[in-house]
Amino acid sequence: MQRRVFLQQGVAQACAVSTLGVAAGASWAQAGYPNKPIRMVVPLAAGSAVDNAARIVMQKASVGLATGIAIENQAGASGVIGTDRVAKSAPDGYTLGGFNDSIMTMLPNLNAKLPWDIVRDFEPVSLVATVEWGLVVPADSPWQTAADVIAAARKAPGKINYGSGGNGSPQHIAMALFASQANLQLTHVPYKGATQAAVGLAGREVDAEFQGIATVHALVKAGKLRLLAVSTPKRLAQFPDVPTVAESGLPGFEFNSWFAIMAPAGTPKAVVQRVQVEVHKALGDASVREQLMAQGLTPRGSGPEELASALRAQLARYEALIRQAGITAD
């Protein structure tokens, strides 16, 4: 498990926040929260898209909260272990979860025996950002477009393999949906995390991957991976020369993931609100937004109710998609 502590840097100044505004409550002062450091458990490897986003946003939020925030990575079992740790933590606001939507909406549709229930065992705090995704290959791959990957896979069914962060991970789901929509047979090679999968791809252990751009940004910039296409509806402003998957071989294909903050069920509403407000302030900071967008993340921001609604909708959406594509956690 990896740990990094962000120390208090001073008194936060008021920042512009998204249109989903919230009001500060007098009960914060009465509760005295926070009066000690907070830990955020990220059940994913260091260097993953969610880990990068957590470090950027929570470092700024720690200023407004006037306390240190420790980011603790606890990868394993596609996020099940670290998520269970958050679920079983005291509901006092001093343990938070930094989750992606694989943990929140994919795993529950793939594993009926999870030790936690995403709706019952957690309090939504805020949707922080969406992680934009892309199709990547080793830098020396002969493939230049998503259409090249599709053509090669059709010529050699089952011979092309792809890496992922584990069974049921977003990388697994994204490529399985890609294969399903393009009618391809691909071989899945699960790793123990998104970062390990990206490194394996750079080392040519596998042929291709869908990855959060934040996860592979440094490897692309270093010339070790090539970004063939993004899975957004439109091209990203940060990568104007990179086409979408939809325009380069598979019309209608879209995929992204989330970074959201959750707390253990029973965490007081005033505490949830306190964290949410400071996250909103952080997302209103120009430097934070610039850092997120440079890595292929889109700042969002939401209240607990909006996140709860989005969570329920995404659970239903992935239930249908996973069934339709025949995706399993095996």
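As the structure is a prediction and not an experimental result, all values here were calculated from the model. (Residues numbered from 1 in each chain as written. Predicted model: local features only at pLDDT ≥ 70, side-chain atom pairs only at ≥ 80, totals over all residues. Heavy atoms only, no water.)

Burial of strand E3 (residues 69–73) is extensive: five of the five residues sit out of reach of the surface. Neither face of E3 is open: one carries Ile69, Ile71 and Asn73, the other Ala70 and Glu72, and all of them are buried. The pairing of strand E2 (residues 38–42) with E3 spans five bridges and is classified as parallel. By the bridge assignment for E3, Met40 is matched with Ile71. Viewed along the sheet, the connection from E2 through helix H2 (residues 49–65) into E3 turns out right-handed. (Buried < 20%, exposed > 50% of the residue type's maximum accessible area, 1.4 Å probe, protein only. Helix = DSSP H or I, 4+ residues; strand = E, 2+ residues; numbered from the N terminus. Pairing = 2+ DSSP bridges. Right-handed = clockwise from strand over helix to strand, strands pointing away.)

Moving on to unusual backbone geometry. Here the residue pair Tyr33 and Pro34 is connected by a cis peptide bond, since its omega of -10° sits within 30 degrees of zero. Within the element layout of this structure, Pro34 appears in the loop between helix H1 (27–31) and E2. Positioned with a positive phi, Ser78 is a non-glycine residue whose angle comes to about 60°. Within the secondary structure, Ser78 sits in the loop between E3 and helix H3 (80–87). One non-glycine residue, Arg204, adopts positive backbone phi at about 65°.

Turning our eyes to something else, we now look at the pairing of strand E9 (residues 225–230). A regular strand carries its side chains on alternate faces of the sheet. Here E9 lies mainly inside the structure; six of its six residues are buried. In this structure, strand E5 (residues 122–138) lies alongside E9, joined through five bridges in antiparallel fashion. Opposite Gly134, over in E9, you have Val230 as the bridge partner.

A complete count under the given rule lists seven aromatic pairs for this structure. Here Phe178 and Phe253 contribute two aromatic rings whose centre-to-centre distance is 5.8 Å and whose plane-to-plane angle is 85°, an arrangement assigned as edge-to-face. Here Phe178, found in helix H6 (residues 170–182), pairs with Phe253, found in the loop between E9 and strand E10 (256–264); they are 75 residues apart in sequence, far enough to count as distant. Like Phe253, Phe178 is buried. Members of the aromatic cluster, each reached through a chain of ring pairs, are Phe99, Trp116 and Phe122. The ring of Tyr94 is capped by Lys36, whose NZ or CZ atom sits 4.7 Å from the centre of that ring. (Phe/Tyr/Trp six-rings, centres within 6.5 Å; stacked < 30°, edge-to-face > 60°. Lys NZ or Arg CZ within 6 Å of the ring centre and 35° of its normal.)

Quick look at the packing of helix H7 (residues 194–202) against helix H8 (residues 213–221) now. Contact pair H7 / H8: the axes reach a minimum separation of 10 Å and the direction vectors enclose 30°. Here H7 is positioned roughly parallel relative to H8, judged by the angle of their axes. Note on packing geometry: the crossing formed by H7 with H8 is right-handed. From H7, Ala194, Thr195, Ala198 and Val199 reach across to H8, where they touch Thr215, Val216 and Leu219. (Axes fitted to C-alpha atoms, helices over the stretch in contact; angles between N-to-C directions. Parallel < 35°, antiparallel > 145°, perpendicular 65-115°, else oblique. Left-handed = near helix turned anticlockwise from the far one by under 90°. Contact = heavy atoms within 4.5 Å.)

Tallied over the entire structure, the rule returns ten salt bridges. Across the pair Arg85 and Glu72 runs a salt bridge whose closest N-O atoms are separated by 2.6 Å. You can see Arg85 sitting in helix H3 and its partner Glu72 sitting in strand E3, a full 13 residues away along the chain. Its relative accessible area of 3% is what places Glu72 among the buried residues. (Salt bridge = Lys/Arg side-chain N within 4 Å of Asp/Glu carboxyl O.)

Bringing the side chain of Thr232 into the picture now. The topology assignment puts Thr232 in the loop between E9 and E10. At 2.6 Å, the side chain of Thr232 forms a polar contact with the backbone oxygen of Lys234. Among all residues touching Thr232, those that are not within four sequence positions of it are Glu132 and Thr244. (Polar contact = N/O pair within 3.5 Å; in protein donor to acceptor, adjacent residues only side chain to side chain.)

All right, on to helix H9 (residues 269–283) then. Here H9 contains 15 residues, and its C-alpha end-to-end distance of 21 Å stays within 8% of the 21 Å for a straight helix at 1.5 Å per residue. Here H9 lies mainly inside the structure; eleven of its 15 residues are buried. (Expected span 1.5 Å × (residues − 1).)

Caution applies to low-pLDDT regions: their predicted coordinates should not be interpreted in detail. In the predicted model, the protein carries a mean pLDDT of 88, and 90% of its residues have values of at least 70. Of the regions scoring below 50 in pLDDT, residues 2–30 engages in 57 contacts with residues more than four places distant in sequence or in other chains. (pLDDT = per-residue confidence, 0-100.)

Locating Ile103 in the fold gives a position in helix H4 (residues 101–110). For Ile103, a relative accessible area of 0% gives the class buried. Considered as a pair, Ile103 and Gly168 are 65 residues apart in the sequence and their alpha carbons are 8.8 Å apart. Those residues in contact with Ile103 that sit more than four places away from it in its chain are Pro43, Ser78, Gly79, Thr83, Pro108 and Trp116.

A few words on the environment of Gln185. Mapped onto the elements, Gln185 comes out in the loop between H6 and strand E7 (187–190). Residue classification places Gln185 among the exposed residues on the basis of a relative accessible area of 53%. Considering only alpha carbons, one finds Gln185 and Gln59, 126 residues apart in sequence, at a separation of 43 Å. With sequence-adjacent residues up to four places away left out, Gln185 is seen in contact with Pro157 and Gly158.

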